[in-house]
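Secondary and tertiary structure notes
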Amino acid sequence: MDIYFAGSIRGGRSDVDLYARIIDLLNGHGEVLTEHVGQQDLETQEAALSDREIHDQDLAWLRRADAVVAEVTVPSLGVGYELGRAVAWEKPALCLYRPGGERDLSAMVRGSDELTVAEYDDPASLDAIVTSFLEECR
Ligand code: 6IA
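Below, the structure is looked at part by part. Nothing here was measured: the structure is a model prediction, and the numbers come from that model. (Residues numbered from 1 in each chain as written. Predicted model: local features only at pLDDT ≥ 70, side-chain atom pairs only at ≥ 80, totals over all residues. Heavy atoms only, no water.)

What follows covers the site of the ligand. Ile9, Arg10, Asp58, Ser76 and Glu82 are the nearest of the 17 residues found near the ligand. With respect to the ligand, the side chain of Tyr4 contributes an N or O atom lying 3.1 Å from an oxygen atom. Within the contact set of the ligand, an oxygen atom lies 2.7 Å away from a side-chain nitrogen or oxygen of Ser76. Burial of the ligand by the protein chains amounts to 87% of its free accessible area of 600 Å². At a threshold of 2 Å from the grid points, most atoms of the ligand map onto the largest pocket. Among the elements of the structure, strand 1 (2-6), helix 3 (51-64) and helix 4 (77-88) are those that each provide at least two residues to the shell around the ligand. The greatest single-element share of the shell around the ligand, amounting to four residues, is contributed by helix 4. Residue classes in the shell around the ligand are distributed as six nonpolar, six polar and five charged. (Near = heavy atom within 4 Å. Polar contact = N/O pair within 3.5 Å; in protein donor to acceptor, adjacent residues only side chain to side chain. Areas by Shrake-Rupley, 256 points an atom, 1.4 Å probe, with all protein chains shown as cover. 1 Å grid on protein atoms, 1.4 Å probe; cavity = no way out; pocket = protein on both sides within 12 Å on 5 of 7 lines; lining within 4 Å. Sits in = over half its atoms within 2 Å of the grid points. Helix = DSSP H or I, 4+ residues; strand = E, 2+ residues; numbered from the N terminus. Nonpolar A, V, L, I, M, F, W, Y, C, P; charged D, E, K, R; others polar.)

This next bit is on the environment of Thr131. With respect to the element layout, Thr131 can be found in helix 6 (residues 126-137). Note: C-alpha distance between Thr131 and Ile54 (77 residues apart in sequence) is 29 Å.

With respect to the helices and strands, Asp58 occurs in helix 3. The side chain of Asp58 sits in the buried core without any salt bridge; Arg10 is the nearest counter-charge, 10.0 Å away. Not counting the four nearest positions on each side in its chain, Asp58 is found in contact with Tyr4, His36 and Glu82. (Buried < 20%, exposed > 50% of the residue type's maximum accessible area, 1.4 Å probe, protein only. Lys, Arg positive; Asp, Glu negative; His and termini not counted. Salt bridge = Lys/Arg side-chain N within 4 Å of Asp/Glu carboxyl O. Contact = heavy atoms within 4.5 Å.)

Bringing the pattern of salt bridges into the picture now. Counted according to the given criterion, the structure contains seven salt bridges. The structure contains a network of salt bridges with shared partners spanning Asp2, Glu31 and Arg64.

All we've got here are geometric facts, nothing functional implied.
Below you can see the structure in the form of structure tokens.
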């Protein structure tokens, strides 16, 4: 199973360690096409790519994916855009959100019937959430 993980980059990197942890979990279920989203030094590594190259490569991976998993607690225009494309391409998409922070989740995500939103407080619960979602995708 090819899995597209989405998480904030220019929207803010405060959850990058959590992204790496989620990517580790996802690697137990299939191939994660976007492991770079969890890399601490992404900003320097990707500097060689133009924005167009990043956009085109990411959309090609998204097109190929069997499932999308997004951590949406840190709001990101790019993640929102990817989720919109995932819905348009009828990809199953799971949005992971920790309530209680500074920003409430967008109504465009929580209000969509075509996105699965899972709220969690403890990252230890992510394994069960992700496993249940991906088993339904198979
Ligand atoms: O608007 P954002 O940057 O927060 O959007 C984040 C989302 O867009 C992620 O889920 C990625 O899939 C995608 N994305 C945005 N920027 C990149 C990137 N390099 N490389 C790969 N995917 C990206 C940006 C590097 C730059 C800061 C020098």
